[in-house]
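As a plain string of letters, each chain reads:
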Amino acid sequence: MTATLTPEDRKRARADRRKRTSLFTLLTAWLGRPLASFHLVLAVFGLLTVLGLVMVLSASSVVSLDSGSSSVYTVFKKQLLFVVIGAVAFWIAVRMPLRLMRQFAAPALAVCFGLLVLVLLVGKTINGTTSWFVVGPVSFQPIEVAKLALVLWGAHVMVQKKALLHQYRHLLVPLVPVALLMFALVMMQPDLGGTVTLIVVLFALLWFAGAPMRLFGAATIGGVAGVVVLSLNEAYRLDRVLTFLNPDADPTGKGHQALQAKYALADGGLFGKGLGQGQSKWEYLPNVHNDFIFALIGEELGFLGCALVLGLFAMLAVVGLRIAARNIDPWIRMVAATLTVWLVGQAAINIAYVVGLLPVTGITLPMISAGGSSIVVTMFVFGILANCARHEPESVAALRSQGPGRFGRLMKLPAPDVYNPPQKRKPARPSTPPRAAGRREPASRRAGTAERQLHERRRTRRSVPVPEHRREHRRSARGRAGHPRADEGGRH
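Residues numbered from 1 in each chain as written. Predicted model: local features only at pLDDT ≥ 70, side-chain atom pairs only at ≥ 80, totals over all residues. Heavy atoms only, no water.

K.L.:
Sorry, what's going on with the overall build of the chain here?
P.N.:
The secondary structure content of the chain amounts to 20 helices and 3 strands. Partitioning the intrachain contacts of the chain with sequence separation of at least 6 by distance along the chain shows that 70% fall at a separation of at least 24. A total of about 28,300 Å² of accessible surface is found on the chain, and carbon and sulfur atoms cover 64% of it. (Helix = DSSP H or I, 4+ residues; strand = E, 2+ residues; numbered from the N terminus. Contact = heavy atoms within 4.5 Å. Areas by Shrake-Rupley, 256 points an atom, 1.4 Å probe, with all protein chains shown as cover.)

The following block contains the structure:
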């Protein structure tokens, strides 16, 4: 039997439908505002920054004590300092004209290559990789800046050669050789995590440039073969692959880190144990404040905390691709899309190896893991995304007509530039080279010139009316010569 609804139930159902419709209408109207993308980038940026600081504070207290410090805030203070520097980098990236970034992309890439070579010579080895410049208490990884330089320069090259990208030699050169050289320098450190991120950047550039699918298929086969060769070349890489395939084979040795990450996620449950109450940071899970901070989030904040992190990065993916789709400048479109894929792809790889879906690669979780150069460069990337959002055509029109807005006045942001597409050059008409003095023209050319002159004289003669007395004179001359007249042609 079907239950009958009372009039009050029908009223409540209609009210609920109207409420849902009104909420959807309000959300759609808000997303249609000119600066909606800019505000969404600011919201994701702020939430990830706060969440990262809170989790680093919770995860690094034990690490600070184990390092010999008398304070549990040593690592957190260092991270807070880098966040302040990153906030300045974010502000600079939002204010800087995008055309300047594009102009200085090639010099920045050259400087990054110099730093990658220099770090192999004078860099400090930490955790088995010679990828750090250390000056006092400050450390810096040049690979983080090299990723950004490759994005800006690669997008510039792809846009400049847009009309020729259907040819493989223009699609692959010079982007792929430059990227492969960078891969080689990074693998000499060796830094597998940095190489994987560079591969993500290269694939994103080729994808948004319109490369065919067969190219990605061939690149995937080559990448798998390269991973196999690199894994067999170094013992620690082979151990990571074997541990991924069978983590229970050595639970207290090589598989310890992967198993402890899963235990921390399982212990958190739905709501977690609470901030600061996680047990994995008490030397059960190594590098919990760096590579495996997502496991601590699951332990202390539970499934809801993990869902919050996943939701923020999903929102970043949607907003970044929205910015790319709503811009008309092809360079801005490619930069925004590639930066979005870089950040979201790096987060996906980190979360995947924490939960056991990929082998451990040592990639940090953007904006959340502890790290100096990583957090500063990532915040600069968010500033570029916010700058790209302000260059959407609707945003440019609103900011130039109505003023900078609340956040623009607070951050003292200039009005964005209007996009002017490059003018298409008209092909120049070929000019006849001057003839050398004393040199005769060829006979064929002289004959052609004479014909043209004769044709021109005849055309001019036909266009000029002949006087009547001249016509009579011509007719009388033809009659005296015995020729039939023009009006008697055919009658003999």
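K.L.:
Help me understand the pairing of strand β2 (residues 129–135) in this model?
P.N.:
The sheet contact formed by strand β1 (residues 124–126) and β2 spans 3 bridges and is antiparallel. Bridge pairing in β2 places isoleucine 126 opposite threonine 129. Between the antiparallel neighbours β1 and β2 lie 2 residues, among them asparagine 127 with a positive phi of about 55 degrees. Bridge count between β2 and strand β3 (residues 138–140): 3 bridges; the pairing is antiparallel. When the sheet's bridge partners are listed, valine 135 is paired in β3 with valine 138. What sits between β2 and β3 in their antiparallel hairpin is a turn of 2 residues, with glycine 136 showing a positive phi close to 65 degrees. (Pairing = 2+ DSSP bridges.)

K.L.:
Which parts of the structure should I look at to understand the sheet that holds β3?
P.N.:
Adjacent strands of a sheet form backbone hydrogen bonds with each other and so pair up, either parallel or antiparallel. Pairing is antiparallel in the open sheet, where 3 strands are placed in the order β1-β2-β3. Each edge of the open sheet carries a strand with a single partner, namely β1 and β3. If you compare each strand with its neighbour and ignore which way they point, the axes differ by 50 degrees on average. Sitting on the sheet, helix α6 (residues 105–122) touches β1, β2 and β3, and the angle it makes with β2 is about 90 degrees. (Axes fitted to C-alpha atoms, helices over the stretch in contact; angles between N-to-C directions.)

K.L.:
What exactly am I supposed to notice about the packing of aromatic side chains here?
P.N.:
Each aromatic ring pair is specified by the distance between its two centres and by the angle formed by the two planes. Overall, the coordinates contain 5 aromatic pairs when judged by the stated rule. One aromatic cluster is present, built from ring pairs that chain together Phe45, Phe90 and Phe382. (Phe/Tyr/Trp six-rings, centres within 6.5 Å; stacked < 30°, edge-to-face > 60°.)

K.L.:
Explain unusual backbone geometry to me, please; I cannot follow it from the model alone.
P.N.:
What you tend to see is this: most non-glycine residues have negative phi, and most peptide bonds are trans. With an omega of 10 degrees, the peptide bond between valine 173 and proline 174 qualifies as cis. Mapped onto the secondary structure, proline 174 falls in the loop between α8 (168–172) and α9 (175–187). The linkage connecting glutamine 189 with the following residue, proline 190, adopts the cis geometry, with an omega of -10 degrees. By the secondary structure assignment, proline 190 is in the loop between α9 and α10 (192–208). Here methionine 367, not a glycine, exhibits a phi torsion of approximately 70 degrees, which is positive. Its location among the elements puts methionine 367 in the loop between α15 (330–354) and α16 (372–390). The class of methionine 367 is buried, set by a relative accessible area of 3%. The phi dihedral of lysine 412 falls on the positive side, at around 55 degrees, and the residue is not glycine. (Buried < 20%, exposed > 50% of the residue type's maximum accessible area, 1.4 Å probe, protein only.)

K.L.:
In this structure, what is going on with helix α17 (residues 393–402)? I would like to understand it.
P.N.:
In an α-helix there are 3.6 residues to a turn, and that puts residues three or four apart on one side. Listing the buried residues of α17 in full gives Ser395, Val396, Ala398 and Leu399. Residues of α17 that are buried in the fold lie against α16. Just downstream of α17 lies glycine 403, where phi reads positive at about 105 degrees.

K.L.:
Explain the nonpolar core here, please?
P.N.:
Most often, soluble globular proteins have nonpolar side chains that are buried together. Counting residues in each nonpolar core, the largest one holds 111 residues, and the members touching the most others are Met182, Trp331, Leu339, Leu365, Ile368, Phe382 and Ile384. Broken down by element, this core gets its largest block of residues, 14 residues, from α15. Here this core spans two domains, since at least three of its residues come from each of domain 1 (46–95 + 234–415) and domain 2 (96–226). Setting aside anything within four residues of it in sequence, one finds isoleucine 384 in contact with Ala93, Met101, Leu148, Val335 and Leu339. (Core = buried A, V, L, I, M, F, W, Y, C linked by side-chain atoms within 4.5 Å. Domains from an automatic or database assignment.)

K.L.:
Please explain the confidence of the model for the chain as it appears in this structure.
P.N.:
Segments scoring low in pLDDT should not have their predicted coordinates read at a detailed level. Summing up the model confidence of the chain, the mean pLDDT is 84 and the portion of residues at 70 or higher is 85%. This stretch, residues 483–492, has a pLDDT under 50; its non-local contacts, to residues over four places away or in other chains, come to 2 contacts. (pLDDT = per-residue confidence, 0-100.)

K.L.:
Would you take a moment to explain the layout of surface pockets for this structure?
P.N.:
By rolling a water-sized probe across the atoms, one finds the places where empty space is left. Looking at the second largest pocket, its volume works out to about 1,000 Å³. Around the second largest pocket sit 34 residues that line it, and Val196, Ile199, Gly223, Val224 and Val227 are the ones nearest its centre. Taken together, the elements giving at least two residues each to the lining of the second largest pocket come down to α9, α10, α11 (213–233) and α12 (235–245). When residues of the lining of the second largest pocket are assigned to their parent elements, the largest contribution, 11 residues, is made by α11. Residue composition of the lining of the second largest pocket, by class: 25 nonpolar, 7 polar and 2 charged. (1 Å grid on protein atoms, 1.4 Å probe; cavity = no way out; pocket = protein on both sides within 12 Å on 5 of 7 lines; lining within 4 Å. Points joined across faces, edges and corners; volume = space filled by probe spheres on them. Nonpolar A, V, L, I, M, F, W, Y, C, P; charged D, E, K, R; others polar.)

K.L.:
Is there a simple way to think about the pattern of salt bridges in this case?
P.N.:
Two side chains carrying opposite charge are able to pair once their charged atoms lie near each other. Applying the stated rule across the entire model yields 6 salt bridges. With its nearest N and O atoms 3.6 Å apart, the salt bridge here joins glutamate 299 to lysine 273. Here lysine 273 lies in the loop between α13 (256–268) and α14 (293–326) and glutamate 299 lies in helix α14, a separation of 26 residues in the sequence. Of the residues examined, lysine 273 reaches a relative accessible area of 33% and is grouped as partly exposed. Where lysine 281 meets glutamate 300, a salt bridge forms, and the shortest distance between an N and an O atom there is 3.4 Å. With lysine 281 in the loop between α13 and α14 and glutamate 300 in helix α14, this pair connects stretches of sequence that are 19 residues apart. In this structure, a network of salt bridges that share partners links the residues Arg326, Glu392 and Glu394. (Salt bridge = Lys/Arg side-chain N within 4 Å of Asp/Glu carboxyl O.)

K.L.:
Would you take a moment to explain the environment of leucine 275 for this structure?
P.N.:
Tracing the backbone through its elements, the reader meets leucine 275 in the loop between α13 and α14. Taking the C-alpha atoms as reference points, leucine 275 and isoleucine 297, separated by 22 residues in sequence, lie 8.7 Å from one another.

K.L.:
Explanation requested: the environment of methionine 334 in the structure shown.
P.N.:
Structurally, the position occupied by methionine 334 is in helix α15. Expressed as a C-alpha distance, the spacing of methionine 334 and alanine 324, which sit 10 residues apart in the sequence, is 6.9 Å. Apart from residues lying up to four places away in sequence, methionine 334 is in contact with Ala155, Met158, Leu205, Phe208 and Ala209.

K.L.:
Looking at this model, I keep getting lost on the packing of helix α7 (residues 142–160) against α15. Mind explaining?
P.N.:
Two numbers describe a pair of packed helices, the interaxial angle and the distance between the axes. The contact between α7 and α15 brings their axes to 9 Å, and the two run at 145 degrees. Note on packing geometry: the crossing formed by α7 with α15 is right-handed. Where α7 abuts α15, its residues Glu144, Lys147, Leu148, Val151, Leu152, Ala155, His156, Met158 and Val159 lie against Pro330, Trp331, Met334, Val335, Thr338, Leu339, Trp342 and Gln346. For the contact of α7 with α15, the residue count by class is 12 nonpolar, 3 polar and 2 charged. (Left-handed = near helix turned anticlockwise from the far one by under 90°.)

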